[in-house]
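Results of the structural survey
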Amino acid sequence: MYPEAYIDFLAYFHGTRDYFECHEVLEEHWKKEGMQNDVWVGLIQIAVSLYHQRRSNYEGARRMMESAIKHLNGQKDNLTELGLDHSLLLDQLKKRLSDISTRSPYTDMNLPVTDEGLLDVCCQSIMKHGSLWGAVSDMDNDQIIHKHRTRDRSEIIREREAQKKRKNKTAE
């Protein structure tokens with residue numbers, strides 16, 4: 001019923017709190033869908049905002065959270081189809097934006113999942129990775145907190161080089 005990437009997103013979001021992976025799995029799904037859906041963008045931006053806030057990058061966190069709110073504001077039907085409570089989610093995001101604006105320290109956040117079946121599937125997925133729904137962020141885990149610095153970027157670099165070559169060929 002739900003896309004596998006969305007279940008993975010929720011599992012990373014609520015289990016390991018690996019917001020970088022949340023972004024990765026849902027961005028790939030969003031691109032495959034044709035990049036037309038504001039819901040995916042908004043959910044990705046929530047994860048990116050929390051990633052920035054946890055690293056005390058309050059300006060990046062603020063920009064992403066403001067954008068997430070804009071993308072999700074008119075998405076009641078789509079969020080409901082994804083098993084989320086639209087009103088409660090927007091209230092949470094506005095409160096988080098206020099916290100970010102006052103440079104409040106990061107705290108974990110759970111998305112308001114209303115579908116018990118979805119919650120069960122996500123909890124099973126999380127347990128396979130040795131975590132639990134609603135786990136507390138491991139603030140000492142640099143692999144999660146600073147993932148953009150520690151990940152292997154060789155594939156990204158190769159893709160950028162290939163794009164440059166294609167661009168240069170079309171310019172000739």
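Residues numbered from 1 in each chain as written. Predicted model: local features only at pLDDT ≥ 70, side-chain atom pairs only at ≥ 80, totals over all residues. Heavy atoms only, no water.

The name given to the protein chain in an unreviewed UniProt entry is DUF309 domain-containing protein, and the organism recorded there is Fictibacillus enclensis.

Between helix α3 (residues 38–54) and helix α6 (residues 86–101), the least distance of the axes is 12 Å, while the angle of their chain directions is 25°. Here α6 runs roughly parallel to α3, going by the angle between their axes. Seen along the crossing, α3 lies across α6 with a hand that is left-handed. Side by side, α3 and α6 meet where Ile-46, Ser-49, Leu-50 and Gln-53 of the first sit next to Leu-89, Leu-93, Arg-96 and Ile-100 of the second. (Axes fitted to C-alpha atoms, helices over the stretch in contact; angles between N-to-C directions. Helix = DSSP H or I, 4+ residues; strand = E, 2+ residues; numbered from the N terminus. Parallel < 35°, antiparallel > 145°, perpendicular 65-115°, else oblique. Left-handed = near helix turned anticlockwise from the far one by under 90°. Contact = heavy atoms within 4.5 Å.)

All right, on to the packing of aromatic side chains then. Scanning the model with the defined rule gives six aromatic pairs in all. Arranged with centres 6.3 Å apart and planes meeting at 65°, the rings of Tyr-19 and Tyr-106 form a pair that is edge-to-face. Taken together, the residues span a long stretch of sequence, with Tyr-19 in helix α2 (residues 19–32) and Tyr-106 in the loop between α6 and α7 (116–128) at a distance of 87 residues. Across this residue pair, the class does not change: Tyr-19 and Tyr-106 are buried. Through pairs of rings, three or more aromatic residues link up here, namely Phe-9, Phe-13, Tyr-19 and Tyr-106. (Phe/Tyr/Trp six-rings, centres within 6.5 Å; stacked < 30°, edge-to-face > 60°. Buried < 20%, exposed > 50% of the residue type's maximum accessible area, 1.4 Å probe, protein only.)

Ranked by internal contacts, the top residues of the largest apolar core, which has 44 residues, are Tyr-6, Phe-9, Leu-43, Ile-46, Leu-89, Leu-93 and Leu-111. Looking at this core, the elements that each hand over two or more residues are α1 (4–16), α2, α3, α4 (58–73), α6 and α7. Contacts of Leu-43, omitting those with residues within four sequence positions, involve Tyr-6, Phe-9, Leu-26, Leu-72, Leu-82 and Leu-84. (Core = buried A, V, L, I, M, F, W, Y, C linked by side-chain atoms within 4.5 Å.)

Take the packing of α1 against α3 next. Between two packed helices, what matters for the description is the angle formed by their axes and the separation of those axes. Closest axis-to-axis distance for the α1/α3 pair is 12 Å, and the angle between their directions is 20°. As summarised for this structure, α1 and α3 are arranged roughly parallel, according to the angle between their axes. You can see that α1 and α3 cross each other, and the crossing is left-handed. Residues Tyr-6, Phe-9 and Phe-13 of α1 form the contact with α3, whose participating residues are Trp-40, Leu-43, Ile-46, Ala-47 and Leu-50. Of the residues contributing to the contact of α1 with α3, the split by class is eight nonpolar, no polar and no charged. (Nonpolar A, V, L, I, M, F, W, Y, C, P; charged D, E, K, R; others polar.)

According to the stated counting rule, one finds six salt bridges in the structure shown. Here Glu-59 and Arg-62 are joined by a salt bridge, their closest N and O atoms 2.3 Å apart. Remark: Arg-62 and Glu-59 occur in helix α4; sequence separation between them is three residues, near one turn of the helix. (Salt bridge = Lys/Arg side-chain N within 4 Å of Asp/Glu carboxyl O.)

Below, the discussion takes up the state of the cysteines. Between two cysteines, a covalent bond joining their sulfur atoms is known as a disulfide. Summed over the entire model, instances satisfying the criterion amount to zero disulfides. There is no disulfide at Cys-122, and the cysteine sulfur nearest it, in Cys-123, is 7.0 Å away. (Disulfide = S-S within 2.5 Å.)

The next subject is the side chain of Ser-49. In this structure, Ser-49 sits in helix α3. Judged by relative accessible area, Ser-49 falls into the buried class, the value being 0%. Aside from chain neighbours lying at most four places away, what touches Ser-49 is Ala-61, Met-64, Met-65 and Ile-100.

Moving on: α7. Compared with the 18 Å implied by 1.5 Å per residue over 13 residues, the 19 Å span of α7 between its first and last C-alpha is a close match. Among the residues of α7, Leu-118, Leu-119, Cys-122, Ser-125 and Ile-126 are the ones counted as buried. One face of α7 carries all of its buried residues, which in axial projection span an arc of 125°. For α7, exposure combined with an orientation more than 90 degrees from the buried face picks out Glu-116, Met-127 and Lys-128. Packed against the buried residues of α7 are α1. Directly after α7, the chain includes Gly-130, whose backbone phi takes a positive value near 80°. (Expected span 1.5 Å × (residues − 1). Arc of directions from axis to C-beta.)

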